[in-house]
Amino acid sequence: MVINLGKQHSLLSNWVSELRDVEVQNDRMRFRKNLERIGEVAAYEISKTLAWEEKEITTPLGIASCKVLQSQPVLATILRAGLGMHNGLLNYFDKGENAFISAYRKHHADGSFDINIEYMSCPELEDKVLIISDPMIATGASLVKAIQYLKEEGVSKEIHIVCAIACTVGIEFILREQPKATIWCGDIDDEITAKGYIVPGLGDAGDLAFGQKMQF
Ligand code: URA
């Protein structure tokens, strides 16, 4: 299932437009902050779909019957571009466990690339809710590979994927490979370049958030 949060005409669409805007996106602090804010809104929206339970809470004046989250999700992100969004999700699911996985594109002379994963730290995932963030879903290849690696730590009961912009081909690929996942995005674009960049997209989210990297 795909949920395009940008359809709701909320502040989130403002933040996505700032991420895209060449006049605004070079302010790295604002770029990171906007990704964080989208992560926060996504956390809030996802929280409405999770399991809740009633709990008696003692206040200074009596007992209140409150709804509390049954269990905290595991928050996973793909280094490095996902860090801002991850922070936003963690601001709201503040007791959640965390998983980090590195994925980078190894480019070849013909313009094609492979996804390489070299690092992962992950808690036990069995029967937990997994929320994985990556600001840009282009081909979906790195996300699918990351989920395959994470699944070695147990099969989560639900998978939520959070991104700022998703490309249609990436969405289709992910839902083919992980049909039970829910994709939460800020906007959807239809085009992708041969080098795997989303059009109109926003450019390279990792570089915009943290500075240009060397190509290797
Ligand atoms: N990653 C990015 O940072 N940008 C894209 O357009 C696609 C993948």
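For clarity, every value in this text was computed on a predicted model and none was experimentally measured.

Asks: An account of the packing of helix 1 (residues 11-20) against helix 2 (residues 28-47) is needed here, citing residue identities and associated values.
Replies: Two elements in contact, helix 1 and helix 2, have axes separated by 9 Å at closest approach and are oriented at 150°. Here helix 1 lies roughly antiparallel to helix 2, going by the angle between them. Crossing geometry of helix 1 relative to helix 2 is assigned as left-handed. From helix 1, Leu12, Trp15, Val16, Glu18 and Leu19 reach across to helix 2, where they touch Arg30, Phe31, Asn34, Leu35, Arg37, Ile38 and Val41. Of the residues contributing to the contact of helix 1 with helix 2, the split by class is 8 nonpolar, 1 polar and 3 charged.

Asks: Tell me about the pairing of strand 7 (residues 113-116), and name the residues and values.
Replies: Only one face of strand 7 is covered, namely the one carrying Phe113 and Ile115; the face carrying Asp114 and Asn116 has none of its residues buried. Bridging between strand 6 (residues 104-107) and strand 7 involves 4 bridges; their strand directions are antiparallel. Looking at strand 7, one finds that Tyr104 is bridged to Asn116. If you look at the hairpin formed by strand 6 and strand 7, you'll find 5 residues sitting between the two strands, and Gly111 has a positive phi there, around 95°.

Asks: Before we move on, can you summarise the nonpolar core with the specific residues and values?
Replies: By size, the foremost hydrophobic cluster in this structure holds 32 residues, and its most contacted members are Phe31, Ile38, Ile131, Val162 and Leu202. Residue contributions to this core peak at 6 residues, all from helix 2. Within the second largest apolar cluster, 27 residues are counted, among which are Ala99, Phe113, Val144 and Leu150.

Asks: Got a sec to walk through the environment of Glu45? Specific residues and values, please.
Replies: Note that Glu45 resides in helix 2. Judged by its relative accessible area of 15%, Glu45 falls in the buried class. When the C-alpha positions of Glu45 and Trp184 are compared, they lie 9.0 Å apart, and in sequence the two are 139 residues distant. If sequence neighbours within four positions are ignored, Glu45 has contacts with Leu5, Gln8 and Trp184.

Reading guide: rules and limits
Residues numbered from 1 in each chain as written. Predicted model: local features only at pLDDT ≥ 70, side-chain atom pairs only at ≥ 80, totals over all residues. Heavy atoms only, no water. Axes fitted to C-alpha atoms, helices over the stretch in contact; angles between N-to-C directions. Helix = DSSP H or I, 4+ residues; strand = E, 2+ residues; numbered from the N terminus. Parallel < 35°, antiparallel > 145°, perpendicular 65-115°, else oblique. Left-handed = near helix turned anticlockwise from the far one by under 90°. Contact = heavy atoms within 4.5 Å. Nonpolar A, V, L, I, M, F, W, Y, C, P; charged D, E, K, R; others polar. Buried < 20%, exposed > 50% of the residue type's maximum accessible area, 1.4 Å probe, protein only. Pairing = 2+ DSSP bridges. Core = buried A, V, L, I, M, F, W, Y, C linked by side-chain atoms within 4.5 Å.

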